[in-house]
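# Notes for the structure review
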Amino acid sequence: MQEYFGLSYTSRCQFLEEIRQATESRMSPLKTEITDSRLKTRDAFDALYCKIVSYILQRSSVSSPADADSVNQAKAALQSVLPPAELAAFMALLKKDKEQQLDELTRIVAGICLFNKASVNEKCLHETFPVSFEGIENELSASRRLVGKYTTLLEELLEPDSRRVGRDVPVDLLKQALYNARQHEAFLKILLSNAHLCASCMGDLQTKLSAQTNLLKESVKAKRAVHSAKVFPLFKALADLWCGLREEAELLKVLHTIMLNLQPFTVAQAELFPAEYLDGLLEGSEVKTDQDRLSQPSDGQINLAEMTTCEWLPSETDASISDLSLQFNGFCGYTFVCRDGLLLPGNPKLGVLKHEWKFYAFSSREAALEFASRPDVFIAEVEERAKGSPE
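Model, not experiment: these values are computed from the prediction.

## Considerations on the overall build of the protein chain
Of the regular secondary structure elements, the protein chain holds 16 helices and 3 strands. For the protein chain, the residues scored as buried account for 42% of the 391 residues in total. Across the protein chain, the fraction of contacts at a sequence separation of at least 24, relative to all contacts at a separation of at least 6, is 77%. If you sum the accessible surface of the protein chain, you get close to 20600 Å²; carbon and sulfur atoms cover 52% of it.

Here it is in structure tokens:
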């Protein structure tokens with residue numbers, strides 16, 4: 001799973017760049033066909049004009065090139081920008097200039113088509129790209145419930161006086177299942193964070209799209225003719241906003257696809273520990289999620305005088321604690337070492353330990369004090385144990 005995610009996931013900027021490159025690659029054959037054409041007959045000119053219309057619709061995703069009404073509307077819009085009589089002059093340009101003008105035509109005509117659509121029903125522009133990340137949210141919720149079950153069971157099994165001693169429960173396999181589930185949860189949180197950002201960007205773009213549409217309406221309102229130098233830039237701006245919306249919607253699809261492709265990596269654990277088996281082992285136990293653990297009252301505040309070797313940042317006096325980058329992904333290093341690899345989330349509400357400009361959170365007051373007494377020893381032990389479980 002770690003290898004797949006590392007190969008599939010990249011930065012938001014890189015994702016968007018890959019989406020643009022994919023669009024360029026998809027349109028490249030038709031663009032080349034248009035710019036390399038050699039026209040000799042009237043039919044050839046008509047066919048090329050139709051190809052330009054098709055290119056504009058496919059490149060902009062304003063409408064389907066298979067829809068006759070959409071094609072006719074786009075053709076009418078193109079005729080107002082590039083009349084068929086001027087096609088010969090377009091074809092006489094250098095290839096690079098033709099490519100540049102084709103991109104300009106695409107933006108202007110797409111903008112005209114979008115404006116015409118909005119003039120009839122503005123809502124249709126906002127409904128074209130629905131914003132949804134419910135699938136990722138549901139998957140994350142399921143992953144968190146599973147983590148809660150694994151953690152609760154392991155917490156009981158690894159107690160010195162566990163009531164489960166003697167029961168045939170594969171502890172090592174259960175720990176590996178927990179690490180795998182934790183990794184799955186971490187990846188899903190990254191995907192969901194990006195999905196939320198996509199949704200926020202789409203909301204901003206839709207607001208700007210509406211404002212740009214209204215600006216265009218005011219520019220052409222009750223006017224028989226408007227100079228192209230005034231409205232063409234507005235049409236291009238409208239098309240650019242639409243393009244941004246389309247790319248964000250594509251990115252949402254990519255994130256959802258990565259989420260689906262992570263599912264097979266969790267199958268092995270699901271087969272080893274079926275839901276019925278886990279629920280049977282947990283009968284009578286209170287399954288706690290991370291949120292449940294973090295919302296529990298703390299077992300007492302730490303006196304700063306008790307911290308003789310490390311700096312302690314109390315949560316009630318340091319409002320920036322929630323923004324700190326915590327070591328061990330926020331898990332309690334003391335618990336991981338002393339409870340045979342058990343992963344419990346550290347609770348910043350207790351405060352945070354600062355050691356050599358790094359920050360550590362703990363699951364309990366006792367864990368914080370013990371860790372602080374020998375921080376380098378515990379850090380080295382965590383690193384050593386982590387080598388055996390790359391997850």
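## Observations regarding the environment of Ile 190
Note on placement: Ile 190 falls in helix α9 (residues 171-220). Separated by 65 residues in the primary sequence, Ile 190 and Leu 255 have C-alpha atoms spaced 9.6 Å apart. Contact partners of Ile 190, with chain neighbours within four places excluded, come to Phe 5 and Tyr 9.

## A closer look at the state of the cysteines
Taken as a whole and assessed by the stated rule, the structure comprises 0 disulfides. In this model Cys 13 remains outside any disulfide bridge; the closest cysteine sulfur is found in Cys 201, 10 Å from its own. Given the relative accessible area of 61%, Cys 13 is considered exposed. With no disulfide partner, Cys 310 has as its closest neighbouring cysteine sulfur the one in Cys 332, 14 Å distant. Assessed through its relative accessible area of 9%, Cys 310 is described here as buried.

## A few points about the domain arrangement of the protein chain
Domain boundaries in the protein chain define domain 1 (133-282) and domain 2 (295-388). Between domain 1 and domain 2, the residue contacts involve 9 residues of the former and 9 residues of the latter. Where domain 1 abuts domain 2, roughly 820 Å² becomes buried across the two surfaces, and 56% of that area is made up of carbon and sulfur atoms. When the buried surface of domain 1 facing domain 2 is broken down by residue, Leu 158, Tyr 179 and Arg 182 rank first, second and third, together holding 52% of it. Along the contact surface separating domain 1 from domain 2 lie 1 salt bridge. Where Asp 340 meets Lys 175, a salt bridge forms, and the shortest distance between an N and an O atom there is 3.2 Å. Run the count over domain 1 and domain 2 and you get 3 residue pairs in polar contact (both at pLDDT 80 or more). Secondary structure elements with two or more residues in the side of domain 1 that touches domain 2: α8 (134-157) and α9. Among the elements that line the side of domain 1 that touches domain 2, the one with the most residues is α9, at 4 residues. A class-by-class count of the residues in the side of domain 1 that touches domain 2 yields 4 nonpolar, 1 polar and 4 charged.

Rules used in this analysis
Residues numbered from 1 in each chain as written. Predicted model: local features only at pLDDT ≥ 70, side-chain atom pairs only at ≥ 80, totals over all residues. Heavy atoms only, no water. Helix = DSSP H or I, 4+ residues; strand = E, 2+ residues; numbered from the N terminus. Buried < 20%, exposed > 50% of the residue type's maximum accessible area, 1.4 Å probe, protein only. Contact = heavy atoms within 4.5 Å. Areas by Shrake-Rupley, 256 points an atom, 1.4 Å probe, with all protein chains shown as cover. Disulfide = S-S within 2.5 Å. Domains from an automatic or database assignment. Buried area = accessible area lost by both parts, 1.4 Å probe. Salt bridge = Lys/Arg side-chain N within 4 Å of Asp/Glu carboxyl O. Polar contact = N/O pair within 3.5 Å; in protein donor to acceptor, adjacent residues only side chain to side chain. Nonpolar A, V, L, I, M, F, W, Y, C, P; charged D, E, K, R; others polar.

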